[in-house]
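Tertiary structure, described
Here is what each chain is made of, one letter per residue.
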Amino acid sequence: MTIDLGLLRHNVALLVDRAAGAESMAVVKADGYGHGAVPIARAALEAGATWLGSCSLDEALALRAAGITAPILSWLDVAGADLSAAVEAGIDVAVSDVDQLRGLRGARLHLKVDTGLCRNGCPPARWAELVRAAAASNNEVYAVWSHLACADEPGHPSIDLQAKRFDDAYHAALAAGVTPRRHLANSAATLNRPDLHFDMVRLGIAMYGLNPLAQREDLRPIMSFRSSVALVKRVAAGESVSYGQSWTAERDTTLALVPVGYADGIPRLLSNRMEVLVGGVRRPQRGRVCMDQIVVDCGDDPVALGDEVVLFGSGEHGEPTATEWAETIGTIDYEIVTGMHRPRLARRYVR
Ligand SMILES: *Cc1c(COP(=O)(O)O)cnc(C)c1O
């Protein structure tokens, strides 16, 4: 697994530019979407991001333990999590409910309002109470924020409705005597809704080079997944490949064995539906994807032990992309790259 931090910096610089004056938070939850949170965080900060976002306090503390001093927001902790550890480490805390304020002091708060995602966030009916309680607490109300449900579907009516509810929540906060900053936009809204940038944008998938929108953007996927040929063999017409023998050779052919499988993040649903690049040429994978190996059909072409195999990458050399895998099996590329977080896949970082 190769992670290109040079391309990450390219993507972040492009997004920081598009954020046009708003601050940029690099979202590194789920171990940096499967790319490795600490190296991604460092490179994103070098390229102009000024904040980091993580899902849990543990993820945020790991960034601090690595010596990263940039502001961090951690937004989804289990009930009863020790938020005083966040305060001690200078990590901002997201609050969606009055109960989370109990016993909390000295924290910098980002009050989250649910404007229509119905997931995390305070429902509008309880917002005034939350703002009042936070303003009266021994904490600083630093920001109000929310998250969009359909930012990747430009023109979806929920976007404007969420923006309106967000504005109402902001004004309710002003009425309660606080003057918080605001943040709402994810990658998609950063790219296509400049009116929703407010004081900060939260950059996720686009920073990793995957485009959440149909419009063309100069984003470069930073993860590539490579292996090499572990065995080559000639098989006769009529032989079948892998468990269940789901593919049978129609003519004599050369098969290359590649020592990666579903334990390394290749969805088994891709069986007989994926291609890989060997010797610069796309070749079909045959039979079922196994736990540790796949078989590739090289026809009559010469292929040798140790030849490089590109499973997915930026697509610039004709190789498949994580997005292509996702589309083949009906999921999103977010799930593909975060699913590549596997203990036995060594990550190599290049600049
Ligand atoms: C994951 C996440 C983001 C980033 O979303 P992308 O679609 O990857 O840009 C932003 N904000 C919150 C609250 C998130 O959970």
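Residues numbered from 1 in each chain as written. Predicted model: local features only at pLDDT ≥ 70, side-chain atom pairs only at ≥ 80, totals over all residues. Heavy atoms only, no water.

**Things to note about the layout of surface pockets**
Size it by volume and the largest pocket reaches roughly 800 Å³. In terms of lining residues, the largest pocket is bounded by 35 residues, among which Lys 29, Tyr 33, His 147, Asn 186 and Tyr 334 are the most central. When residues of the lining of the largest pocket are traced back to their parent elements, those giving at least two are helix H2 (29-33), helix H8 (187-192), strand E9 (200-203), helix H9 (322-329) and helix H10 (333-338). Considered class by class, the residues forming the lining of the largest pocket number 19 nonpolar, 9 polar and 7 charged. For the lining of the largest pocket, the two domains that each supply at least three residues are domain 1 (2-208) and domain 2 (223-350). (1 Å grid on protein atoms, 1.4 Å probe; cavity = no way out; pocket = protein on both sides within 12 Å on 5 of 7 lines; lining within 4 Å. Points joined across faces, edges and corners; volume = space filled by probe spheres on them. Helix = DSSP H or I, 4+ residues; strand = E, 2+ residues; numbered from the N terminus. Nonpolar A, V, L, I, M, F, W, Y, C, P; charged D, E, K, R; others polar. Domains from an automatic or database assignment.)

**A look at empty space enclosed by the protein**
On inspection of all chains with the given rule, the structure shows 3 cavities of 30 Å³ or more. The computed volume of the largest cavity comes to approximately 60 Å³. Taken together, Glu 23, Trp 51, Tyr 142, Ala 143, Arg 181, Arg 182, His 183, Asp 199 and Met 200 form the lining of the largest cavity. Of all elements in the fold, only strand E7 (140-145) and strand E8 (181-183) reach the threshold of two or more residues within the lining of the largest cavity. The element contributing the most residues to the lining of the largest cavity is E8, with 3 residues. Of the residues contributing to the lining of the largest cavity, the split by class is 4 nonpolar, 1 polar and 4 charged.

**Some points on the domain arrangement of the protein**
Partitioning the protein into domains gives domain 1 (2-208) and domain 2 (223-350). Look at where the C-alpha atoms of domain 1 and domain 2 centre, and you get two points 37 Å apart. On the domain 2 side, the residues contacting the 13 residues of domain 1 number 12 residues. Here domain 1 meets domain 2 over a buried area of about 1300 Å², counting both sides, of which 59% is carbon and sulfur. Taken as a group, Thr 2, Ile 3 and Ile 205 account for 45% of the area that domain 1 buries against domain 2, more than any other trio of residues on that side. Counting the contacts that link domain 1 with domain 2 gives 1 salt bridge. Between the two partners, domain 1 and domain 2, sit 7 residue pairs in polar contact (both at pLDDT 80 or more). Its residues assigned to classes, the side of domain 1 that touches domain 2 shows 6 nonpolar, 5 polar and 2 charged. (Contact = heavy atoms within 4.5 Å. Buried area = accessible area lost by both parts, 1.4 Å probe. Salt bridge = Lys/Arg side-chain N within 4 Å of Asp/Glu carboxyl O. Polar contact = N/O pair within 3.5 Å; in protein donor to acceptor, adjacent residues only side chain to side chain.)

**Let's talk about the packing of aromatic side chains**
Applying the stated rule across the entire model yields 8 aromatic pairs. Considering the side-chain rings of Phe 225 and Phe 312, the 5.9 Å spacing of their centres and the 65° angle between planes classify their relative orientation as edge-to-face. Here Phe 225, found in strand E10 (residues 223-228), pairs with Phe 312, found in strand E18 (residues 308-312); they are 87 residues apart in sequence, far enough to count as distant. According to the relative accessible area criterion, Phe 225 is buried, its value standing at 0%. Sitting over the ring of Tyr 142, Arg 108 keeps its end group 4.1 Å from the ring centre. Stacked on the ring of Tyr 170, the Lys or Arg Arg 182 has its end atom at 3.8 Å from the ring centre. (Phe/Tyr/Trp six-rings, centres within 6.5 Å; stacked < 30°, edge-to-face > 60°. Buried < 20%, exposed > 50% of the residue type's maximum accessible area, 1.4 Å probe, protein only. Lys NZ or Arg CZ within 6 Å of the ring centre and 35° of its normal.)

**Comments concerning the state of the cysteines**
As used here, a disulfide is simply a covalent bond connecting the sulfur atoms of two cysteines. Summed over all chains, the structure comprises 0 disulfides. In this model Cys 150 remains outside any disulfide bridge; the closest cysteine sulfur is found in Cys 118, 11 Å from its own. Of all cysteine sulfurs, the one in Cys 290 lies closest to Cys 298, which takes part in no disulfide; the gap is 16 Å. A residue is classified by how much of its surface remains accessible, and Cys 298, at 3% relative accessible area, is buried. (Disulfide = S-S within 2.5 Å.)

**Quick notes on the pattern of salt bridges**
Scanning all chains against the criterion turns up 19 salt bridges. The closest approach of N and O atoms between Asp 92 and Arg 108, which form a salt bridge, is 2.9 Å. Note that Asp 92 is positioned in strand E5 (residues 91-95) and Arg 108 in strand E6 (residues 108-112), a separation of 16 residues in sequence. The class for Asp 92 is buried, based on a relative accessible area of 4%. We classify Arg 108 as partly exposed; its relative accessible area is 27%. Note that Lys 164 is salt-bridged to Asp 168, the shortest N-O span being 2.9 Å. With Lys 164 and Asp 168 both in helix H7 (residues 157-175) and 4 residues apart, this pair spans about one turn of that helix. Under the relative-accessibility criterion, Lys 164 is labelled partly exposed at 47%.

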